Amino acid sequence: LLHYAAQSVDKLVCVIVEPTLVHFSADLAQEQSYGAHRQAFISQSIANLESNLVKLGQQLVVIHSNHIEPGSAEKTLSQIIATQHVTHFFANAHCGYDERQLIRSIQRQSPNLVMCLPHHSTLFDSHELPFELSKVPSSFTKFRKLVEHLDVNRNETVISALPPAVRLALTSTISLFSSPNDESAVISDYWGGEDAGLAHLENYFSHDYAFNYKQTRNAFDGIENSTKFSPWLALGCVSPKTIYRHLKQFEADHGSNDSTYWIYFELLWREYFYWKCLSLGSSLFGETSDHELNSSATSNLNFAKWKSGTTNYPIVDACMRQLNETGYMSNRGRQLTASCLIYELGIDWRHGAAYFESQLIDYDVASNWGNWAYIAGALNSQVNTQANKQNDAKQPKPKSRHFDLGKQTDMYDPDHAFINKWNASSKEPVLTNNQDVL
């Protein structure tokens, strides 16, 4: 996209809208801002982007936004477009509802703007999919069978120069990027930015980790046990096509097996949630009329205990403490903590999804909210709601994912090494006779 922009215009304004915790999510999460690890990863990623743009003779303009003034980013973008007589607008298409609303508003205000909005954070662009966006399959399996044999464009674009930057008047909401001074206060296994993401990618495929991925991916801990590509994928520091290109090169050099296929399989899961999020729009976040979200003293206390890792479900507490202290949690841990919040504590799933949004360094709107809705059995419940009401007796209830926490602990942390590492409660969990989905 940047290469195409360089070929199309004589001057270029490189802009990023700084991510912020929106009011909707802040209320649900009962948090005022991002956790320290998520904020540090974002700042590091923006700093690395700015550094790489400077090497190409450009500069990065940062638009600051906050949930107190939700329209400030739109207003500032519009001002730049108007004052600089911008003719072309290049942006990676986004599946998020708020992001798409921002783009639509820009289009309405500047109808003559040439818009270039390809889907570059996915393996496929929309025109390559064998179905219409309104007909994204209701299950991942159906989706996978339709797309897994499609060709993925593996061409690599090298950018050696960019058009010159434009001098802008700086305001309270717009600035040239300056690196914050408090990054060193957060110690993390993950450093934000394209350079760090590509280095991690090279390191991962320089070992034989990919050959064992299917056997190790459910581990709660260990940098080598799953790919850990997600933090850089989530912010666009590394694209899924770049990962796919590295994976195919690894298979060409060393051979393939079930585990190398499973890495592609997981990229397809991410792909599925992207297009599902795009097709559902705002309904992914639940019906707005359904806002009797738990506000009793008991549910507030249970939510606070879940957030702090003091529920007395040892595996859940260990996972939540890991999240709070690192900004990261394994995929298995996310499923178990979500199941606990929804089915053991009886709290609306959206509270948990919003808290994850505030803390996870690899937060991705589609994967996060899609997975939470999936665990809650709500992913497809908003589709054809009128038809469902008319044919309620014929409609099967959405399938939920209720995990037996004791059985899951025995399977994935039998020696309690992970639980002990994170100093979780030693009390035995209350076992329930639940469906156990692997």
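Since we're looking at a predicted model, the values are computed, not measured.

### Considering the overall build of the protein chain
Of the regular secondary structure elements, the protein chain holds 19 helices and five strands. Here the protein chain displays about 21,500 Å² of accessible surface, and carbon together with sulfur accounts for 49% of that area.

### Topic: the pattern of salt bridges
All chains considered together, the criterion is met by eight salt bridges. A salt bridge links Arg245 to Glu156; the nearest nitrogen and oxygen atoms lie 3.6 Å apart. Taken together, the residues span a long stretch of sequence, with Arg245 in helix H10 (residues 240-254) and Glu156 in the loop between helix H6 (140-147) and strand S5 (174-176) at a distance of 89 residues. We classify Arg245 as buried; its relative accessible area is 16%. Between Asp362 and Arg334 there is a salt bridge, and its shortest N-O distance comes to 2.8 Å. Of this pair, Asp362 sits in the loop between helix H15 (349-359) and helix H16 (365-376) while Arg334 is found in helix H14 (residues 331-344), placing the two residues 28 residues apart along the sequence. Across the pair, Arg334 and Asp362 agree in class, each one buried.

### Focus: the packing of H10 against helix H11 (residues 258-280)
For the pair H10 and H11, the least separation of the axes is 10 Å and the interaxial angle reads 165°. With respect to each other, H10 and H11 are oriented roughly antiparallel. The hand of the H10/H11 crossing is left-handed. Every residue of H11 that contacts H10 at Pro240, Ile243, Tyr244, Leu247, Phe250 and Glu251 is listed here: Thr260, Tyr261, Ile263, Tyr264, Leu267 and Arg270. Partitioned by chemical class, the residues of the contact of H10 with H11 number nine nonpolar, one polar and two charged.

### Quick word on H6
Here H6 has its buried residues at Phe140, Phe143, Arg144 and Val147. Axial view of H6: buried residues confined to an arc of 100°, hence all on one face. For H6, the exposed residues set more than 90 degrees away from the buried face come down to Lys142 and Lys145. Buried residues in H6 make contact with H11.

### Some remarks on the side chain of Ser45
Summarising the element assignment, Ser45 is placed in helix H3 (residues 36-55). Among all residues touching Ser45, those that are not within four sequence positions of it are Gly192, Gly193, Leu235 and Cys237.

### Quick notes on unusual backbone geometry
At Gln30, a position not held by glycine, the phi torsion is positive, near 55°. Residue position: Gln30 is located in the loop between helix H2 (23-29) and H3. Look at Gln30 and you get partly exposed, because its relative accessible area is 39%. Phi is positive for Lys228, close to 60°, though the residue is something other than glycine.

### Let's talk about the nonpolar core
In this structure, Phe205, Trp306, Phe356, Trp369 and Trp372 are the most contacted members of the largest nonpolar core, which totals 85 residues. Ranked by size, the runner-up nonpolar core spans 14 residues in total, among them Val9, Leu12, Leu21 and Ala26.

### A short note on the side chain of Thr337
As for its position among the elements, Thr337 is in helix H14. There is a polar contact of 2.9 Å between the side chain of Thr337 and the backbone oxygen of Gly333. Excluding its chain neighbours within four sequence positions, the residues that come into contact with Thr337 are Trp306, Val316, Cys319, Met320, Met329 and Phe356.

### Brief notes about helix H18 (residues 405-412)
Along H18, the residues classified as buried are Leu405, Gly406, Gln408 and Thr409. Take H18 and look down its axis: the buried residues cluster within an arc of 165°, on one side only. On the buried face of H18, the contacting elements are helix H13 (314-326), H14 and helix H19 (417-421). By the N-cap criterion, in which a side-chain oxygen at the helix start approaches the backbone nitrogen of a residue two or three places on, H18 is capped by Asp404, the distance to Gly406 being 3.1 Å.

### Examining the packing of H13 against H14
Running from N to C, H13 and H14 point in directions that differ by 120°, and their axes come no closer than 9 Å. As H13 packs across H14, the resulting crossing turns out to be left-handed. Two secondary-structure elements touch here, H13 through Ile315, Val316, Cys319 and Met320 and H14 through Gly333, Leu336, Thr337 and Cys340. Looking at the contact of H13 with H14, its residues break down into six nonpolar, two polar and no charged.

### Some points on the environment of Glu266
With respect to the secondary-structure elements, Glu266 resides in helix H11. Taking relative accessible area as the criterion, Glu266 reaches 22% and is therefore assigned partly exposed. Once residues lying within four places of it in the same chain are set aside, the contact partners of Glu266 are Tyr213 and Arg217.

### Here we look at the confidence of the model for the protein chain
Looking at the protein chain, the pLDDT average stands at 88 and 85% of residues meet or exceed 70. Put simply, helix H17 (residues 385-390) is where the protein chain has its lowest mean pLDDT, 41, and H15 is where it has its highest, 98. Across residues 383-396, confidence stays below pLDDT 50; counting only partners more than four residues off in sequence or on other chains, it has four contacts. Segment residues 424-438: pLDDT under 50, and 44 contacts once partners within four positions in sequence are set aside and those in other chains are kept.

### A few points about the packing of aromatic side chains
One pass over the full model with this rule turns up 34 aromatic pairs. Seen in terms of ring centroids, Trp306 and Trp372 are 6.0 Å apart; in terms of plane orientation they differ by 75°. Their pairing is edge-to-face. Taken together, the residues span a long stretch of sequence, with Trp306 in helix H12 (residues 297-308) and Trp372 in helix H16 at a distance of 66 residues. As far as burial versus exposure is concerned, Trp306 and Trp372 are alike and both buried.

Conventions we followed
Residues numbered from 1 in each chain as written. Predicted model: local features only at pLDDT ≥ 70, side-chain atom pairs only at ≥ 80, totals over all residues. Heavy atoms only, no water. Helix = DSSP H or I, 4+ residues; strand = E, 2+ residues; numbered from the N terminus. Areas by Shrake-Rupley, 256 points an atom, 1.4 Å probe, with all protein chains shown as cover. Salt bridge = Lys/Arg side-chain N within 4 Å of Asp/Glu carboxyl O. Buried < 20%, exposed > 50% of the residue type's maximum accessible area, 1.4 Å probe, protein only. Axes fitted to C-alpha atoms, helices over the stretch in contact; angles between N-to-C directions. Parallel < 35°, antiparallel > 145°, perpendicular 65-115°, else oblique. Left-handed = near helix turned anticlockwise from the far one by under 90°. Contact = heavy atoms within 4.5 Å. Nonpolar A, V, L, I, M, F, W, Y, C, P; charged D, E, K, R; others polar. Arc of directions from axis to C-beta. Core = buried A, V, L, I, M, F, W, Y, C linked by side-chain atoms within 4.5 Å. Polar contact = N/O pair within 3.5 Å; in protein donor to acceptor, adjacent residues only side chain to side chain. pLDDT = per-residue confidence, 0-100. Phe/Tyr/Trp six-rings, centres within 6.5 Å; stacked < 30°, edge-to-face > 60°.

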